[in-house]
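As a plain string of letters, each chain reads:
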Amino acid sequence: MKKHYCAQTSEKEMQELWSDTGINKFDPNSTKPLYSIDTPPPTVSGSLHIGHIFSYTQAEIIARFRRMTGFNVFYPFGFDDNGLPTERLVEKVLGIKAHEMPRSEFITSCMETTKSYEDEFKALWSSLGFSCDWEMQYETISPEAQKISQTSFIELYEKGKAYTKDSPVLWCTECGTSIAQAELETTEKETHFYTLKFMLNQTGGSKETIQKGSDSQAPNSAIKSIYNFGNNINSNNNSMHDLAHLEVATTRPELLYGCVCLFIHPDDPRAGALKGKSVKVPIFNYEIPILTDDTVDPQKGTGIVMCATFGDATDVEWVEKHNLPYRHSITPDGHIEPSTPHIGGMTIRKGRQQIVNLLEQNQLITKDETINHMIGIHERCGTPTEILPSKQWYIDILTDKEKYLEAGEKINWFPTYMKHRYVNWVENLKWDWCISRQRYFGVPIPIWYCTKCGAPKAADIIQLPVNPLETVPLSPCICGNHAFTPETAVLDTWATSSMSPQINAHWKSEGDISDKLLPMSMHTQAHEIIRTWAFYSIVKSLYHTGEIPWKDLMICGFVLAKKGEKISKSKSNAAQSPSQLIEAHSADALRYWVAGAKLGTDTFFDAEELTISKRLINKLWNASKFCFMQLDGFKPELEELIMSGGNSFATQELNRQSDTLLPLDCWILNALQRTTLEATTALNQYELGLARHAIDHFFWDDFCDNYLELAKERLYQPEKHGLKAQRSGRIALYQVLLGILKLYAPYMPHITEYLYQYFYKDFEKNISLHQLQWNQTKPIDTLYLTFGEQVKTAITDARRYKSANNLSMKTEIPSLTITATPETKPLIEASIGDIKACTHANHCKINIG
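Residues numbered from 1 in each chain as written. Predicted model: local features only at pLDDT ≥ 70, side-chain atom pairs only at ≥ 80, totals over all residues. Heavy atoms only, no water.

Draft legend 1. A look at the environment of lysine 516. In this structure, lysine 516 sits in helix H14 (residues 514–517). Residue lysine 516 is classed as exposed on the basis of its relative accessible area of 64%. Sequence separation of lysine 516 and proline 28 is 488 residues, and the distance between their C-alpha atoms is 10.0 Å. (Helix = DSSP H or I, 4+ residues; strand = E, 2+ residues; numbered from the N terminus. Buried < 20%, exposed > 50% of the residue type's maximum accessible area, 1.4 Å probe, protein only.)

Draft legend 2. Geometry of the confidence of the model for the protein. Here the protein averages 89 in pLDDT, and 91% of its residues register 70 or above. Low pLDDT, under 50, characterises residues 205–243; the stretch is placed with 90 contacts to residues that sit more than four places away or in other chains. (pLDDT = per-residue confidence, 0-100. Contact = heavy atoms within 4.5 Å.)

Draft legend 3. Just the sheet that holds strand S2 (residues 72–74), in detail. Taken together, the 5 strands give an open sheet; going across it, the order is S2-S1-S22-S23-S15, and neighbouring strands pair in parallel fashion. Only two strands of the sheet have a single partner each, and these edge strands are S2 and strand S15 (412–414). Across the sheet, the mean angle from the axis of one strand to that of its neighbour is 20 degrees, orientation sign disregarded. (Pairing = 2+ DSSP bridges. Axes fitted to C-alpha atoms, helices over the stretch in contact; angles between N-to-C directions.)

Draft legend 4. Representation of the pairing of strand S1 (residues 34–38) within the structure. Within S1, 4 of the 5 residues are buried, which leaves it mostly tucked inside the rest of the structure. Bridge count between S1 and S2: 3 bridges; the pairing is parallel. Paired with serine 36 across the bridge in S2 is phenylalanine 74. Note that the unit made of S1, helix H2 (residues 50–67) and S2 has a crossover that is right-handed. (Right-handed = clockwise from strand over helix to strand, strands pointing away.)

Draft legend 5. Structural view of the packing of helix H10 (residues 401–410) against helix H11 (residues 418–427). Following both chains from N to C, one finds H10 and H11 inclined at 175 degrees, their axes separated by 10 Å at the closest point. Relative to H11, H10 is oriented roughly antiparallel. Facing H10, whose interface residues are Lys401, Tyr404, Leu405, Gly408 and Glu409, H11 presents Lys419, Tyr422, Val423, Val426 and Glu427. Along the lines of polarity and charge, the residues of the contact of H10 with H11 split into 5 nonpolar, 1 polar and 4 charged. (Parallel < 35°, antiparallel > 145°, perpendicular 65-115°, else oblique. Nonpolar A, V, L, I, M, F, W, Y, C, P; charged D, E, K, R; others polar.)

Draft legend 6. Layout of helix H3 (residues 84–94). Every buried residue of H3 is accounted for by Leu84, Pro85, Thr86, Glu87, Leu89, Val90 and Glu91. On its buried face, H3 sits against helix H4 (103–127), strand S6 (177–178) and strand S13 (365–378). Note on H3: the residue one or two positions beyond its end, glycine 95, has a positive phi of about 70 degrees.

Draft legend 7. Local environment of the environment of tyrosine 754. Inspection of the secondary structure puts tyrosine 754 in helix H24 (residues 749–764). Given a relative accessible area of 18%, tyrosine 754 falls into the buried group. As for tyrosine 754 and isoleucine 371, which are separated by 383 residues in sequence, their C-alpha atoms are 60 Å apart. Leaving out residues up to four positions away in the same chain, tyrosine 754 has contacts with Tyr5, Ser10, Glu13, Met14 and Trp621.

Draft legend 8. Examining the pattern of salt bridges more closely. Following the criterion strictly, the structure yields 32 salt bridges and no others. We note a salt bridge from glutamate 60 to arginine 64, for which the minimum N-O separation is 3.1 Å. Taken together, the positions of glutamate 60 and arginine 64, both in helix H2 and 4 residues apart, correspond to about one turn of that helix. Of the residues examined, arginine 64 reaches a relative accessible area of 1% and is grouped as buried. For glutamate 254, the salt bridge identified is with arginine 352, shortest N-O distance 2.9 Å. Residue glutamate 254 is located in the loop between strand S8 (245–250) and strand S9 (259–264), and its partner arginine 352 is located in helix H9 (residues 348–361); the two are separated by 98 residues in the primary sequence. Its relative accessible area of 2% is what places glutamate 254 among the buried residues. Salt bridges sharing common partners tie together Arg674, Asp701, Asp702, Glu789 and Lys792. (Salt bridge = Lys/Arg side-chain N within 4 Å of Asp/Glu carboxyl O.)

Draft legend 9. View of the side chain of threonine 173. As for its position among the elements, threonine 173 is in the loop between strand S5 (162–172) and S6. Judged by its relative accessible area of 16%, threonine 173 falls in the buried class. Residues within four places of threonine 173 in sequence aside, it is in contact with Thr331, Pro332, Asp333, Gly334, Thr383 and Glu386.

This is the structure in structure tokens:
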């Protein structure tokens, strides 16, 4: 063996070996129990970073572990390459906006761009040693995925679960599309909190007596007509200041022209005198009523709040509840409605500043505070969201909350506390799932609208996948009309990616294996998308199959660049790219680091931490090199035959034969089995860190620091200790090192495979280490474990004594006392030679304790 391990060449060689031999391919004809993994396909929206390595590698380790514990692993990989994230990537790459070029040309650019990024992603995953079956690769924009997604939509539409309506919807003015509640994030932002004067109309003027204008602008029956109050500023402002006024605080003065009423809590002492009165909106000088509502927070601002269409979700609720009118304030592209006096056509930011200037000029601001305010932003781009009326498609998720909660109980959550996040999300749902997006590159909504009666017309299943912009329905509308207008919106990307279990199973497509595959064994994802990926997948699965989508949910944490800051593409806060890290430190070093985190918890990344990984890799290399030297010329079957007195039997049985193997060799083999069972238990709970800790402890402490030191002289000097003692040690050495390689294989597949290929392949006959199995059935003889701990304690005492007295570890000591039990005393007596050789003790005394 070489003096040092070269990861740069060895890792590529091992990857080529796995690819050439096809050892990771799923075997549909296998009789082994099936273990299927639903890995969320990474979004094609830019380069990958260490955060992706963190979560995806954790699942990959589980895949390798399951193969080595007897499962036929179904482990596909896909790419989420449709929808808004991909569009934004292409816009960035091309330096244009989607609407600035023909739709077909833009879609072609999206296809070309995603292909190049997917090739890059696949190369990175392969360089990390991912053992997925690339022959099962899928893309969410592929024809089959589109067909499955559109089939889902049509089924839900026919069941009445997918519907369209005109209503207020969350809107991103940057992306130019509607979004769902799950895509809304909140962030704290410093802003101004203005207290404004609303002039009180002394003569009254209740809501009922105020004249209303046409309701032609109303988006639906719940949002009625605008109040027809005039839009001119009173030319005599001084006369306005003579009137009594109410003070109302707001962070959004640019929405004043959209103000439709003021609210006060019914228990507020002022409510009796103000209810039924009206006020004039500052600057715009039209009248609005004062109403009461028990959801008003008396402690916020002045206790009197304005309702504008729409400042937030509460405004939407009030409009519905009190049958209030609608006034158009913000356009879909983030400007003030052009008809708004003084600020029409301006951006929201400029409009806000201009209206503040007008308010100041007219002495209508009584207080200007700076506060930290929570606002809603679009998770994709960080832009503050608006609420605009729009016709959109929805999936009903509000009427079946109990079913979602019941499904959550049927799924095994790892870690268990993550289930609370899911429960909290379901219990606090407020809106149905908006699934339509006003974008281009996505799965088309398979709908046309009758030009005569306006009724939606769904595509026929045999047409799928279909683009309604390029084809027509196969049958006329129910009214008999043959002319249709196509739906131009596309489906939310989550509407397709939430179908990943069905995509993997080829649901209702050629080669459908839903009956064998669903529900899948495990789904892995990060904790921040419980509200999207996990929730939407559960919704879709319940609606289509009546079952949960997977049995286990493995929730991973984030990688943090610094306290509280997630590493992300948008922040560009990853110091090095994954490919740079692999080149500099090796894939195994990264994988080993990934496995150190507690499941579900966030962790910091510093490249310096990879020195721990590389130290382990070096130690494994050097320990193996030592073992292979001692095993030179070793033939397992022959050695076992000699040791068993002529009766050949399996290596696995040798470690329990006290009359065949020496006690210390029996101890290390039993310690290996204990470690194997501990690691198995932890990995069955998806606790990669706990399993790795157990393996590390055995490798460093039991094997390297103690056993090798105890057995070294016996292995080196058979003339002193006898050939039988040497053979016993060689058999144990062979088995234990192989066991260590198997335990580390899921974590560090490259170096363990390399060492297997170098030495073990000729004896074990399997093409790859990763085809071997962890031994989960062999019983443990606890007597040997107790004996081993007693020997380790004695060795530790000797080392501590020498360190305290500044003595070399090779310095002889006159005597060493070993504490034993009556049961372990014979085992210690049989091991005195190894103990003396290890501690350089001239005499060993055994005390029964």
